[in-house]
Amino acid sequence: MMGDHDPETTSLYGTLMAEMSALWKQEQLCDVHLQVHDRVIPAHRVVLAALSPYFRAMFCSQLTESQQSHITIQGFSPAIVQMVVEYAYTAVIHLTEDNIQMVLHAASVMQIGTLESKCTNFLIEQLHPSNCLGIRDCAQSLGCKRLHAAADSFCQDNFFEVSQNEEFLQLSPSQVLNLVARDALKVKKEEDVYTAVMRWLDHSPEERAEDTVKIMEKVRLPLVRWEFLMGKVRTHKLFTNNEQCREYLQQARAFQSSLFHPDLNNFAFNEAVLLAQPRIGFGTTDFLHAVGGEAASRELLPILEGYNPLNNTTKQFASMPNARRSLGVVMMDNVIYAIGGSDGATAVRTVEAYNMEKDTWSTCAPMCKTRTSVMVAAMEGRVFAIGGHDGQRALSSVEVYDVEINCWENSAELQTPRSMGSAVCLKNQLYVMGGYDGNTDLHSAEKYDMLTRHWVAIASMHESRSMCDAAILDGHIIVVGGSSENQCLSSAEMYTPDADQWTVLQYLSIPRRGLGVAVLGDAVYAAGGHDGKNYLTSIEKYNKNTRAWSVVGHLQHQRGRFGFV
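Every chain is numbered independently, its residues counted from 1 as its sequence is written. At least 70 in pLDDT is required for a residue's local features to be given in this predicted model, at least 80 for side-chain atom pairs to be given and counted, and no such filter applies to totals for whole chains, interfaces and linings, which use all residues. Hydrogens and water molecules were not included; the side-chain quantities draw on all heavy atoms of the structure.

K.L.:
Would you explain the nonpolar core in this entry?
P.N.:
In globular proteins that are soluble, nonpolar side chains generally tend to be buried together. If you look at the biggest cluster of nonpolar residues, it comprises 82 residues, and the most contacted ones within it are Leu34 and Met216. Numbering of helices and strands runs from the N terminus, with a helix taken as a DSSP run of H or I at least four residues long and a strand as a DSSP run of E at least two residues long. Per-element accounting of this core gives the leading share, eight residues, to helix 4 (residues 78-90). Met216 has contacts with Tyr194, Val197, Met198, Leu201, Leu238, Phe239, Cys245 and Tyr248, leaving out every residue within four places of it along the chain. Take the buried Ala, Val, Leu, Ile, Met, Phe, Trp, Tyr and Cys residues and link them wherever side-chain atoms come within 4.5 Å; each set so joined is a nonpolar core. For every residue, the accessible area obtained with a 1.4 Å probe (protein chains only) is divided by the maximum for its type, and the residue is called buried under 20%, exposed over 50%, and partly exposed between those limits. Residues Ile339, Val374, Val376 and Trp408 belong to the second largest nonpolar core, which totals 16 residues. Whether two residues are in contact is decided by their heavy atoms: any pair within 4.5 Å suffices.

K.L.:
Looking at this structure, I do not really get the sheet that holds strand 17 (residues 445-449). What am I missing?
P.N.:
One requirement defines pairing of two strands: DSSP has to find at least two bridges between them. As summarised here, the arrangement of the four strands in space is 15-16-17-18, forming an open sheet in which the pairing is antiparallel. The sheet terminates laterally at strand 15 (422-426) and strand 18 (454-458), the two strands that pair on one side only. Neighbouring strand axes in the sheet, compared pairwise and without regard to direction, differ in orientation by 25° on average. Pairing geometry for strand 17 and strand 18, over five bridges, is antiparallel. Within strand 18, the residue paired with Asp449 across the bridge is His454. Note on geometry: axes are C-alpha line fits, over the in-contact stretch for helices, and angles between N-to-C directions span 0 to 180 degrees.

K.L.:
Is there a simple way to think about the state of the cysteines in this case?
P.N.:
Here, disulfide denotes a covalent bond that connects the sulfur atoms of two cysteines. For the purposes of this analysis, a disulfide is any pair of cysteine sulfur atoms at a distance within 2.5 Å. According to the stated counting rule, one finds zero disulfides in the structure shown. Considering cysteine sulfurs only, Cys60 is the nearest to Cys30, which forms no disulfide, with 17 Å between them.

K.L.:
Before we go on, may I ask you to explain the environment of Ser297 in this structure?
P.N.:
Considering the arrangement of structural elements, one finds Ser297 in the loop between strand 4 (288-291) and strand 5 (304-308). With 43 residues separating them in the primary sequence, Ser297 and Gly340 have C-alpha atoms 21 Å apart.

K.L.:
I'm lost on unusual backbone geometry in this one. Help?
P.N.:
Although it is not a glycine, Ala91 adopts a positive phi angle of roughly 60°. Mapped onto the elements of the fold, Ala91 is located in the loop between helix 4 and helix 5 (100-109). Residue Ala91 is classed as partly exposed on the basis of its relative accessible area of 49%. A positive phi angle is found at Asp500, which is not glycine, with a value near 50°. Within the secondary structure layout, Asp500 lies in the loop between strand 23 (492-496) and strand 24 (501-504). Judged by its relative accessible area of 36%, Asp500 falls in the partly exposed class.

K.L.:
I'm lost on helix 11 (residues 173-180) in this one. Help?
P.N.:
Residue pairs spaced three or four apart in an α-helix point in one direction, given the helix's 3.6 residues per turn. Val176, Leu179 and Val180 are the residues of helix 11 that are buried. End-on, the buried residues of helix 11 take up no more than an arc of 90°, which puts them together on one face. Summarising the contacts, the buried residues of helix 11 are in contact with helix 7 (132-142), helix 9 (159-163), helix 12 (190-203) and helix 14 (212-216). The arc under discussion is defined with respect to the helix axis, by the directions toward the C-beta atoms.

K.L.:
Would you take a moment to explain the packing of aromatic side chains for this structure?
P.N.:
When we look at a pair of aromatic rings, we describe it by the centre distance and by the angle of the planes. Under the pairing criterion, centres of Phe, Tyr and Trp rings, with the six-membered ring standing for Trp, must be within 6.5 Å; the plane angle then separates stacked pairs below 30 degrees from edge-to-face pairs above 60, leaving the rest tilted. According to the stated counting rule, one finds 17 aromatic pairs in the structure shown. Ring geometry for Phe317 and Tyr354: centres 6.3 Å apart, planes at 55°, overall tilted. Here Tyr354 lies in strand 9 (residues 351-355) and Phe317 lies in strand 6 (residues 313-317), a separation of 37 residues in the sequence. Take Tyr354: its relative accessible area is 1%, and that puts it in the buried class.

K.L.:
What should I look at first to understand the sheet that holds strand 14 (residues 407-411) in this one?
P.N.:
The strands making up a sheet associate through hydrogen bonds between their backbones, and the pairing can be parallel or antiparallel. One open sheet holds the four strands; their spatial order is 11-12-13-14, and the pairing between them is antiparallel. On the outer flanks of this sheet lie strand 11 (375-379) and strand 14, each paired with one strand and no other. Averaged over all adjacent pairs, the angle separating strand axes in this sheet is 25°, with direction ignored. Note: strand 11 against strand 12 (residues 382-386), five bridges, orientation antiparallel. Note that in strand 12 the partner of Met375 across the bridge is Ile386.

K.L.:
Help me understand the environment of Leu555, please; the structure alone is not making it clear to me.
P.N.:
Position of Leu555 among the secondary structure elements: in the loop between strand 28 (548-554) and strand 29 (563-564). For Leu555, a relative accessible area of 5% translates into the label buried. Each C-alpha atom, one on Leu555 and one on Ile215, is 44 Å from the other, the two residues being 340 residues apart in sequence. Non-local contacts of Leu555, meaning those with residues more than four positions away in its chain, are made with Ala290, Glu305, Thr314, Ala527, Gly528, Thr537 and Ile539.

K.L.:
What should I look at first to understand the confidence of the model for the protein in this one?
P.N.:
A residue's pLDDT is simply how confident the predictor is in it, with values from 0 to 100. Mean pLDDT over the protein: 90, with 93% of residues reaching 70 or higher. Scored below 50 in pLDDT, residues 260-269 shows 19 contacts in the model against residues more than four places distant or in partner chains.

K.L.:
It is not clear to me how the packing of helix 7 against helix 8 (residues 145-157) should be interpreted in this structure. Could you clarify?
P.N.:
Two quantities define a packed helix pair, namely the angle between the axes and the distance from one axis to the other. Viewed as axis vectors pointing N to C, helix 7 and helix 8 meet at an angle of 155°, and their least axial separation amounts to 8 Å. Taken together, helix 7 and helix 8 sit at an angle that is classed as roughly antiparallel. Crossing handedness for the pair helix 7 and helix 8: left-handed. Here Cys132, Leu133, Ile135, Arg136, Ala139 and Gln140 of helix 7 come into contact with helix 8, specifically with Leu147, His148, Ala151, Asp152, Phe154 and Cys155. A breakdown of the residues in the contact of helix 7 with helix 8 according to their chemical character gives eight nonpolar, two polar and two charged. Throughout this description, any angle smaller than 35 degrees is read as roughly parallel, any larger than 145 degrees as roughly antiparallel, any in the 65 to 115 degree range as roughly perpendicular, and the remainder as oblique. Throughout, a crossing is termed right-handed when the near helix is turned clockwise from the far one, and left-handed when it is turned anticlockwise from it by less than a right angle. Three classes are used, and their members are as follows: Ala, Val, Leu, Ile, Met, Phe, Trp, Tyr, Cys and Pro are nonpolar, Asp, Glu, Lys and Arg are charged, and the others, Gly among them, are polar.

K.L.:
I would appreciate a short explanation of the side chain of Asp402 in the present structure.
P.N.:
Mapping Asp402 onto the fold places it in strand 13 (residues 398-402). In summary, the charge assignment counts Lys and Arg as positive and Asp and Glu as negative, without counting His or the chain termini. When a carboxyl oxygen of Asp or Glu is within 4 Å of a side-chain nitrogen of Lys or Arg, the pair counts as a salt bridge. Here Asp402 sits buried without a salt bridge, and the closest side chain of opposite charge, Arg382, lies 5.7 Å off (N-O distance). A polar atom in the side chain of Asp402 sits 3.0 Å from the backbone nitrogen of Glu404. A 3.5 Å cut-off defines polar contacts: any pair of N or O atoms within that distance qualifies, except that in protein one atom must be a possible hydrogen donor and the other a possible acceptor, and neighbouring residues in sequence count only when both atoms are side-chain atoms.

Laid out in structure tokens, this is it:
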């Protein structure tokens, strides 16, 4: 028996449709005529019924139209109905910016799934900050779920650009509230959200006055820079005239003041903590940055290079003033901080900052202690240097860098001394995982709670690992690679904070110790490192949908024990 899709069957279908199309063009055997305003469009009932449940219900039911040869079609223009009928015979339709919404409307009402899919694909390709909100509204009104989801994601991922366009100013209060309340809103800094909201409010101040408080509540004022908060926000009439908005300002001030004065803890601070959760897109850039490290023959690298996953290209930026390996690297407010490490002979306390906008490095205040193989993370405008090795022993001490006053101070100590581990910040809590305590590789992990200001143990990893790295993905901590008992690891595991539980993930394609791990968009990337024999340039990507790792690109330089952000 021949299959349903063998070449002969496919050829027969094609021939039949070609013949039906020829009969239609010659208006032969047409058994229905569609009256659309002043135009009459002939067709075959069976073709229209096969195309559309709308026509099938019309022709195959007890409706009056089932017995009529001349049927009036309302709600559509003659040109659009002509296009739909021609599509039924040819599967071809010419979509333009001028006709797309009318064709989509017809496809939706007539329930023509293939045509609706074509229209959806066309509009997704046309999405732009100036039209995505209108396309989203159109999709919602027509019940086109895929298009609505795509347009909504585009609005979310390009919020700042979208907020600069006229469409944004026409949004309803509930629509603005829905956007600015999202954790997934992709903005580089909270000042962009504040500016967008104020622009929307100022567009029609009297009409929108009653919505001010509930929308401003969703702006995460504790996350804006102190200078912006005390300058632009504090002096705005909204925060001098409106009592509730003034309270939001006080909460933000209390929270940020607590960063300068750790003993300060009051009600306003506790309230502000809830509004101080960083959005997913904070600090995102087009590049993943590889900083310093060592290459073959233990050669130290001062080189800073960027990898762009979107077009699989690399770019070299200004080199570090002082080459080092085993340094800690973190990015905050588009500044990369390179902290501590080794100059090849001794541990150092050097700290340097790279300004991404100016492509320049500058020297910051040195740490209180020398630290190589140090773990670093940024939380609420401050940089934490955690543990490491001072050249004699693994450290449990922690110190904090205040960017505004360029000063380091000591913080609460770890429960376990550790170097060569990994650190991340998630929801105002610092996490450190693995490392080496001077005697053995560790599988233990700890977290630092901003409210209690103490380190506490969390569930241990399935595998002990040092020289590993970690990143945050969708509210989970992903720890990747490393070394255990002198063996390079290709394993990875994921920590779920709410459950205090680790889950084993798919293995890397290549074992890696001294690697770099970072997140860009919604993907985790693992780069470089040493596989036990050679230093690597390859970069792997973790696909959260397939849950598999695959090599997607390469760095320009082999490197291990480097920073990756």
